[in-house]
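Coordinate inspection notes
What follows is the residue order along each chain.
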Amino acid sequence: MKVGYYPGCSLEGSASDFGLSIAKAAELMGVDLVEISDWSCCGASAAHSLDHLLSIALPARNLALALAQGLDQVVAPCAACSNRLITAQVEIKADPDLGARVEDIVGMSLDGDVRVLNMLDFVDVYGVDTLKEKVTRPLEGFKGACYYGCLLVRPPKVVQFDDPEDPKSMERVLTALGATPVDWHFKVECCGAGLTMAQPKIVARLVRDILRNAEENGADGIVVSCPLCHQNLDMRQLAVNAEYGETHRLPIYYLSELMALALGASPKDAGIDRHFIEATERVASLGQSGKK
Amino acid sequence: MERIGVFICHCGENIGRTVDCAKVAETAGKFRNVVHAVDYKYMCSDPGQAMVRDAIKEKGLTGVVVAACSPRMHEPTFRRAAADAGLNPFLCEMANVREHCSWVHEDVDAATAKATDLIRVMVEKVKQNEPLYPIRVPVTKRALVIGGGIAGIQAALDIADGGHEVVLVEKSPSIGGHMAQLSETFPTLDCSQCILTPRMVEVAQHPNITLHVYSEVEEVNGFIGNFEVKIRHKASSVNNALCTGCGACTQVCPAKKVPSEFDVGLGDRTAIYVPFPQAVPNKPVIDRDHCVRFKAAARKGLPVTEVTTCGKCQEACPIEPVKAIDFSMEDEIITEEVGAIVVATGYELYEKEAVGEYGYGKYPDIIDGLQFERLASASGPTGGVIRRPSDGEIPETVVFVQCVGSRDRAKGLTYCSKICCMYTAKHAMLYKHKVHDGNAWVFYMDIRSGGKGYDEFVRRAVEEDEVKYVRGRVSRIYPEGKKLVVLGADTLSGEKIRIDADLVVLATAISASKGVETLAQKLGVSYDQYNFLSEAHPKLRPVETASAGVFLAGACQAARDIPDAVAQASGAASKVQVLLSSEELEREPVVARVDENTCVGCFCCESVCAYGAVERKEIRDRSGNLVKTLAYVNPGVCQGCGTCVATCRSNSIDLAGYTDKQVFNEIRAL
Amino acid sequence: MREITGRACRDLAREIHEHSGLQVEECYQCGKCTAGCPVADEMDIPPNVVVRLCQLGQRDRVLGSKTIWVCAACQTCMTRCPQEFDIAKLMDALRQISHREGRVNPEAAGMAHFYEAFLDVTRRFGRLSEVGLTALYKMKRFPNEVMNDVFLAPGLMSRGKLHLVPKGIKGASSVRKIIDRCMKESHR
Amino acid sequence: MAEETFHPKIVAFVCNWCTYAGADLAGTSRIKYDPDIRVIKLPCSGRIDPLFLLQAFERGADGVLVSGCHPGDCHYTSGNYYAQRRWIVFRELLQFLGIEEERVQFSWVSAAEGGKWAEVVNDVVGKVRELGPFTRYKEIVR
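Residues numbered from 1 in each chain as written. Chains lettered and ligands numbered in written order. Predicted model: local features only at pLDDT ≥ 70, side-chain atom pairs only at ≥ 80, totals over all residues. Heavy atoms only, no water.

1. A word on the overall build of chain C
We count it as follows: Going along the chain from the N terminus, every DSSP run of H or I of four or more residues is numbered as a helix, and every run of E of two or more is numbered as a strand. Each residue's exposure class comes from its accessible area (1.4 Å probe, protein chains only) as a fraction of the maximum for that residue type: buried when under 20%, exposed when over 50%, partly exposed otherwise. Pairs of residues are marked as contacts when any of their non-hydrogen atoms sit within 4.5 Å. Here the open area of atoms and residues is found with the Shrake-Rupley method and a 1.4 Å probe, where only the protein chains shown may cover a residue.
Within chain C, the regular secondary structure consists of 11 helices and zero strands. Secondary structure elements of chain C, listed N to C terminal, follow the sequence α-α-α-α-α-α-α-α-α-α-α. For chain C, the residues scored as buried account for 56% of the 188 residues in total. Residue pairs at least 24 apart in sequence account for 63% of intrachain contacts in chain C once pairs closer than 6 positions are excluded. Carbon together with sulfur atoms contributes 55% to the accessible area of chain C, which is approximately 8,300 Å² in total.

As structure tokens, then:
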């Protein structure tokens, strides 16, 4: 299987572990990720906060590149990226004038259809059952709290992904990997990633609530599919502990890390050793029994 | 030689503003055979009608065209005026220059031109009109009431007391409806069952009322005054003629864990059951989906009589020699003839399972209004003690949320459910009366308490019973430990509010009962986008429907509280009695007629007639030999749709009032 | 007492409609947005009141509010709005206008600076580099915030999560053109 | 090129119970629509004889609208169903005669759909306006 790939800026930086694990997982899944050549930043939250036109034009450049490269499906693992790319597509479809204007600004054609996939869409397209068959180290006994955050599910009319209040697709994947999803209540609460730098105090509060609910419901770790969520929940834990005098040490995993792991990769190859909160220990020994 | 009069109405400014009436009158005056054309401010006024009458007399008019509002509005008015002046009313037609012209167009020239055309069309039609005389049909002096809730009960009793027979059909095993589930009623807090059960008994004992419970309307044929209704009596497996309602059977039934519909899932019942102690009739039915014996039979693929499994209820039945319990009972179709029908099918609550932000009904301690009624009811599963479903504890803090589903475009219901403000106030009060040191919170958007003593009632909840009202919607509810976290806002102070509740009561929207649209289709009654049945006129004909002889009562038409439902039911009942008080009905003579000279007896008409109005008429010669068989349309049965006319191959059928001649003339006039 | 005029109401309603196609009158003030807003407590004006002030034509107050910058754009409000009013989009619109007109609330300037820094870096390299972003952001914020308070750069680098020199891309210049062009068009 | 707009003559055959009432509702709700339409009221779409339509064209109509109750909603239970069946046959006749199908529109408008009636009318008028005046009938019948 061949599919386009838009890593997005953070996978080259603070979320290198995400990038690494995706590459590994894809390799083990036998998927060929074709990177959009010379892709650029999608503008994320900055663009739509300061300039609407720009918030469409920046993603549009990458969509145009993908089309020029003849890609009909592109995985954008970062929830913010996929969200912005899809938003751009939706707005351009809804308003042809805007489309024309953007084409002119970008200097490239936007004719044609390219489907933007977030990580879960991607697994879905690949086939959860196919994935399940490929599992060599079922993550038996691992209890994960699937965390979707904001940008995967909202705005529902735009992203058209799963149930905005109680999504289940990540749970399905986790189950396929042999792990056990826990029932908890902060799946789609905001972690405040967008405010990380300027509003640390707010972010600490939001992160804390999420951590606590996951812990209360007996999770071994939180599973995410967005670099911003991960950065926040993983890196901020220390800040939270400092702020509230608590001792949270809840590992935060990328879904792709667990995929890679279950498909046979070592925690290191999956990038799990790169977290701030130690995360290798809990998963290192998983599924050894079932190893083929 | 035709002598047509044309009368153009300004309808004050309504028509005059966009249609140059004087000019239209002038032009119309020049039409062939038009001998009189005038315009006037209000044609429907007495002087206006007088103008019509006088012109008919003075100018010897043979036809009248009134250009004014929609014929649905004033056709009867002007036809009456014509009749008063000695002109056959059916020689009077209306051109709709208001609803179809002045109100929907802005350009004066265009509107004036269109008005002129519409008048020309009617002038040409009326030239072909012929005098028609109303058809008289007999009236079956019995009524059908569909639905045994408070509205249906009231309507049935009123009609029955009026001396007419009533057939009351209820789909569940007992009458009483939702009102029987309620604990107390606002604004007086009198016990619901105390005031309802006497009425239920009255129904059962009334000599004029035939009660069919556990039954549904299967098919409706005929028309006003002459309906034929097929009713499916579902197999209850209990012979009510023999059963004494002793209850021995229900005590021995091994299937004891069936969630009770009456207690909205908060309590259990047996497979053979009486829905509630005061049920009318007080006769059990076997719920075959849960009965051990029937399930066994289904598993083995055998008839239930062939299996030996269980049968305890039958053994326990003291009736001898023939037991009242009859497993072999099958559905029965009963046919009733009635002259009028009252629809009182009531409402259902919007499913809380549809509300994602409140947990999709996943959490047992988030309940709806009817469930709270059962908790508060002395006859309820907790004996009237407010205990939360999950662990039976008495809640210290209860949050009531109004407008769940209602006034919510995103959830697809834009209307206000009307009764929630009141019953929520009542719920909060009842809770406070039962749990004195408890905390009751109500989240509301607006308080709609228009009604006698209603607002005072709400104020009492706030001022005397210390119910805390918070103006704002709740965004989310989720469990945390043993508590339910309710995230709301108080828009008056601008504060975001978090309440850790033990029990949450959602005032879910009043929605039309499921499947009511199929019934509506059988009755030819129209319904709105929410499946609430449509009245004939929102203001002036609130209990009638577009389908003559069919009336509405209660929440099937819109959200209603008990007093409103009862009032409407009595209204419907009086309409029915007016109808049943006359020996025969006058019907518009708009019916099909067969030309016996040209009819070839192909009977295509028969095959398309939805009313079975086409009969076969045998033509015999003097010596009685059959010459030919022709179609004959029974004017009493024909509803005048004209489908047969357009279907007739030999062009031998015509429709009075809409003859080919008339229509072709109309078309040619364009 | 603040002046509230029918004209002001109409004008602001129209401006918002032209800017982002929103009808502020669709909001019937149920407060569900505020109820579900994760950061409402940190706002100077609750979300539903922001909409109310828009309905009342209070342009200066909304554009100068902290709220529009505290908003984390999590979209919870619009997802649950019973009137399907896109309040998140309204926040975007107000941020954009407020920034364009230089009315950013001083206490909330941090977010504006962050977004500016974000776009600056993107403008230079075509992609975002956290180092560049942090550096630039800190420069903008100095001395309000000190260097080492939030971003855990050393930790990141030791984990191979930061590259000091951002990867430039061939298309960097075209990205710059896009940003400049958009800014120019919007400011017209 | 500046030319004055063509005002087609469009005849609407509507049933009394749904579409006529729907048109009344459009009126009471003051929904504005194109004036180039003339309504002929019949009890039911089932009454509509294909000959009516041909006659309309013969008398110089540029387009025809036929509208009744929604399927299942017919006041006379099934008239609109026969109307629809007849309509399907009639459409073939149109093709045979070489009359553009767009000149004859069939629609369901209920008594509650004032807005839809306005849309339907504007839609028909618009389509026929594009097609221009209907002159071919004379040629065809000859």
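We are not done yet, so read on.
2. Points about the interface of chain C and chain A
To keep it simple, the criterion reads: Buried area is understood as the total, over both parts, of accessible area removed when two parts are fitted together, assessed with a 1.4 Å probe. For this document, the term salt bridge refers to a Lys or Arg side-chain nitrogen within 4 Å of an Asp or Glu carboxyl oxygen. Polar contacts, as counted here, are pairs of nitrogen or oxygen atoms within 3.5 Å of one another; within protein the pair requires one atom able to donate a hydrogen and one able to accept it, and residues that are adjacent in sequence qualify only if both atoms are side-chain atoms. Only Asp, Glu, Lys and Arg are considered charged, only Ala, Val, Leu, Ile, Met, Phe, Trp, Tyr, Cys and Pro nonpolar, and every remaining residue, Gly among them, polar.
Listed by partner, the interface residues are 58 residues for chain C and 56 residues for chain A. Interface area, chain C with chain A, both sides summed: about 5,200 Å², of which 61% is carbon and sulfur. Where chain C packs against chain A, one counts seven salt bridges. Here chain C and chain A share 18 residue pairs in polar contact (both at pLDDT 80 or more) between them. Ranked by residues supplied to the side of chain C that touches chain A, first place goes to helix α11 (residues 172–187) of chain C with nine residues. A class-by-class count of the residues in the side of chain C that touches chain A yields 27 nonpolar, 15 polar and 16 charged.

3. Section: the confidence of the model for chain C
The predicted coordinates should not be examined in detail at positions where pLDDT is low. Residues and elements named next belong to chain C. Under the convention used in this document: A score between 0 and 100, pLDDT records how confident the predictor is in each residue.
Within chain C, residue pLDDT values average 87, and 84% of them lie at 70 or more. A low-confidence stretch, residues 147–151 (pLDDT under 50), is modelled with 11 contacts involving residues beyond four sequence positions or located in other chains. In the predicted complex, the global pTM is 0.83; the interface-specific ipTM is 0.82.

4. As for the domain arrangement of chain B
Applicable threshold: Domain delimitation in this document rests on an assignment produced automatically or drawn from a domain database.
Annotation of chain B at the domain level lists domain 1 (4–128), domain 2 (142–229 + 334–346 + 528–582), domain 3 (248–316), domain 4 (352–511) and domain 5 (588–668). Spacing between the C-alpha centres of domain 1 of chain B and domain 4 of chain B amounts to 57 Å.

5. Focus on the packing of helix α3 (residues 52–68) of chain A against helix α4 (residues 79–94) of chain A
Pairs of packed helices are described in terms of their axes, by the angle between the two and the distance that separates them. All names here are of chain A. The following threshold applies: An axis is simply a line fitted to the C-alpha atoms; with a helix, the fit covers only the stretch in contact. Between two such axes, the angle follows the N-to-C directions and lies from 0 to 180 degrees. Angles are sorted into four bins: roughly parallel if under 35 degrees, roughly antiparallel if over 145, roughly perpendicular if 65 to 115, and oblique for all others.
Close contact between α3 and α4 brings their axes to 8 Å; oriented N to C, the two are set at 105°. One way to sum up the angle between α3 and α4 is to call them roughly perpendicular. Judged by residue contacts, His 52, Ser 55, Ile 56, Pro 59, Ala 60, Asn 62 and Leu 63 of α3 engage Arg 84, Leu 85, Ala 88, Gln 89, Glu 91 and Ile 92 from α4. Its residues assigned to classes, the contact of α3 with α4 shows seven nonpolar, four polar and two charged.

6. Some thoughts on the sheet that holds strand β25 (residues 483–490) of chain B
All names here are of chain B. The condition that has to hold: At least two bridges found by DSSP between two strands is the condition for calling them paired.
Strand order across the open sheet formed by three strands is β24-β25-β26, with antiparallel pairing between neighbours. In this open sheet, the two edge strands, each paired with only one partner strand, are β24 (474–480) and β26 (495–501). If you compare each strand with its neighbour and ignore which way they point, the axes differ by 20° on average. Direction of pairing for β24 relative to β25: antiparallel, over a ladder of six bridges. The residue of β25 that forms the bridge with Glu 480 is Lys 483.

7. Quick look at the arrangement of the chains
Here four pairs of chains are in contact, and chains A and C lead that list by number of contacts. There is a gap between chain A and chain D: no contact, and a shortest C-alpha distance of 21 Å. One finds no contact linking chain C with chain D; the least C-alpha distance across the pair is 20 Å.

8. Digging into the environment of Gln 105 of chain D
Here Gln 105 of chain D lies in strand β4 (residues 104–108). With 22 residues separating them in the primary sequence, Gln 105 of chain D and Lys 127 of chain D have C-alpha atoms 9.7 Å apart.

9. Here's the deal with the packing of helix α9 (residues 169–176) of chain A against helix α12 (residues 255–262) of chain A
All names here are of chain A. Basically, it comes down to this: Two helices cross in a left-handed way if the nearer one is turned anticlockwise from the farther one by less than a right angle. They cross in a right-handed way if the turn is clockwise.
Running from N to C, α9 and α12 cross one another at 20°; their axes reach a closest spacing of 10 Å. One way to sum up the angle between α9 and α12 is to call them roughly parallel. Judged by the twist between their axes, the crossing of α9 over α12 is left-handed. Only Leu 255, Leu 258 and Met 259 of α12 make contact with α9, whose side of the interface consists of Met 170, Val 173 and Leu 174. Of the residues contributing to the contact of α9 with α12, the split by class is six nonpolar, no polar and no charged.

10. Overview of the interface of chain A and chain B
Listed by partner, the interface residues are nine residues for chain A and nine residues for chain B. In total, chain A and chain B occlude about 790 Å² of area from one another, counting both sides; carbon and sulfur atoms represent 42% of this. When the buried area of chain A at its contact with chain B is split by residue, Glu 165, Asp 166 and His 185 of chain A rank highest and sum to 54% of it. Between chain A and chain B we count two salt bridges in total. Of the charged contacts, one joins Arg 476 of chain B and Glu 189 of chain A as a salt bridge, the two residues approaching to 3.1 Å between their closest N and O atoms. Across the chain A-chain B interface, the total number found is five residue pairs in polar contact (both at pLDDT 80 or more). Residues of the side of chain A that touches chain B, tallied by class, amount to one nonpolar, two polar and six charged.

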